[in-house]
Amino acid sequence: MKKTSTRLADGRELVYYDLRDDTVRDAVDRRPLEPTVTASEIREDVLLGDAVAVASHRQGRTYHPPADECPLCPSRGERLSEIPDSSYDVVVFENRFPSLAGDSGRCEVVCFTSDHEASFADLTEEQARLVLDAWTDRTSELSHLPSVEQVFCFENRGAEIGVTLGHPHGQIYAYPFTTPRTALMLRSLASHRRATGGENLFDAVLERELAGERVVLRSDHWVAFVPYAAHWPYEVHLYPRRRVPDLLALDEAARAEFPRVYLELLRRFDRIFGTAGSGERSAGRPPTPYIAAWHQAPFGALREFDGVSRDDFALHLELFTIRRTAGKLKFLAGSESGMNVFINDVPPERAAERLREVASS
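Residues numbered from 1 in each chain as written. Predicted model: local features only at pLDDT ≥ 70, side-chain atom pairs only at ≥ 80, totals over all residues. Heavy atoms only, no water.

Chemist: Break down the side chain of Arg25 for me, with residues and values.
Modeler: Mapped onto the elements, Arg25 comes out in the loop between strand 2 (13–18) and strand 3 (40–45). At 3.0 Å, the side chain of Arg25 and the side chain of Asp85 are in polar contact. Among the polar contacts listed, one links the side chain of Arg25 to the backbone oxygen of Ser87, at a separation of 2.6 Å. For Arg25, the residues in contact, after removing those within four places along its chain, are Thr4, Tyr16, Asp18, Asp85, Ser87, Tyr88 and Asp89. (Helix = DSSP H or I, 4+ residues; strand = E, 2+ residues; numbered from the N terminus. Polar contact = N/O pair within 3.5 Å; in protein donor to acceptor, adjacent residues only side chain to side chain. Contact = heavy atoms within 4.5 Å.)

As structure tokens, this is what we get:
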């Protein structure tokens, strides 16, 4: 992997990640951009104990542009985009309309490929490995910023999810605090350790799932399963078999195997609702909308979690779709949105069975 860092016309950082070591990146952003002005503010909900990012400047962000005006495609001729060069493998840049900025953290965009019509599931294993390496590098870089406590790499795919740019991409949020979801996991870790005399809850969950009927696929270094209490009709958790706190701690064997495993999972998500896998699209059916979210241990002190350390946390990826069957979406209504009590329409055991049925031959 070759890494090349540069600056856009308004001062934002952009980083190219290339497969070839001899790639030269010297294109200059020729757009007449003014410096980015953000108004991000973190407010605490004192009743719930969580945080809300208020970012009014995002009202003006790009919204469903036509393909020939996509800001994530490479620049060509006089058609200038966020990426100055005429092609790229993987590129990461500071979001022009960030939810978090300055002392409130940082937001970055990760473009997986320059092919506007592709998706992550269409990548080769070599390309998917490059994305993993970019996620890892950005986690390392962002963790050293003084305002950052937790790094979150994720992908939203599909208009049904709320994606406003169709180009295959994800994002990285660098939060100035430990997120509420992660804090819940850490408190559960601490409580379980006290109750069992030292057992790690992540290890216990993984051991239980490996022995059960909800495993979707397993390999030498990874295991994917539908969790016992899945919130979404089709939800898969992907864990490395060796517990590590973050992407930085993955060994080479796990890194090398990840692309094959993850691409297979994504292609099964497409097949399960009648959408074909890599390189194909079923007639009249768009690819399955999903969210893919990496959960990593915070980089800040964990004193408030009763002695739990970073090494007690287990890196994992959660992949889920808001589709409950072909042509039907799972909406978050009163119980889910009002009280955070999910009602799942599909038994997790049946979801796992269906995801095994659509495995690659």
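Chemist: Explain the environment of Leu250 residue by residue, including any values.
Modeler: Residue position: Leu250 is located in the loop between strand 11 (234–240) and helix 4 (252–272). The buried category is assigned to Leu250, whose relative accessible area is 7%. Sequence spacing of Leu250 and Arg76 is 174 residues, and the spatial spacing of their C-alpha atoms is 37 Å. Not counting the four nearest positions on each side in its chain, Leu250 is found in contact with Trp222, Pro240, Arg242, Val244, Arg255 and Leu315. (Buried < 20%, exposed > 50% of the residue type's maximum accessible area, 1.4 Å probe, protein only.)

Chemist: I'd love a proper account of the environment of Asp89, names of residues and values included.
Modeler: Residue position: Asp89 is located in the loop between strand 4 (50–55) and strand 5 (90–94). Assessed through its relative accessible area of 27%, Asp89 is described here as partly exposed. Taking the C-alpha atoms as reference points, Asp89 and Leu19, separated by 70 residues in sequence, lie 6.9 Å from one another. Once residues within four sequence positions are removed from consideration, Asp89 is found in contact with Tyr17, Asp18, Leu19, Arg25, Cys111, Phe112, Thr113, Ser114 and Leu130. At 2.9 Å, the side chain of Asp89 forms a polar contact with the backbone nitrogen of Leu19.

Chemist: Provide a residue-level description of the pairing of strand 12 (residues 290–295), including the pertinent values.
Modeler: Regular strands place side chains that alternate from one sheet face to the opposite one. Among the 6 residues in strand 12, 5 count as buried, and that is most of the element. By the bridge criterion, 4 bridges tie strand 7 (residues 150–157) to strand 12 in an arrangement that is antiparallel. Its bridge partner being in strand 12, Asn156 is matched across the sheet by Ile291. Here strand 12 pairs with strand 13 (residues 316–321) via 5 bridges, running antiparallel. Paired with Ile291 across the strands is Phe320, a residue of strand 13. (Pairing = 2+ DSSP bridges.)

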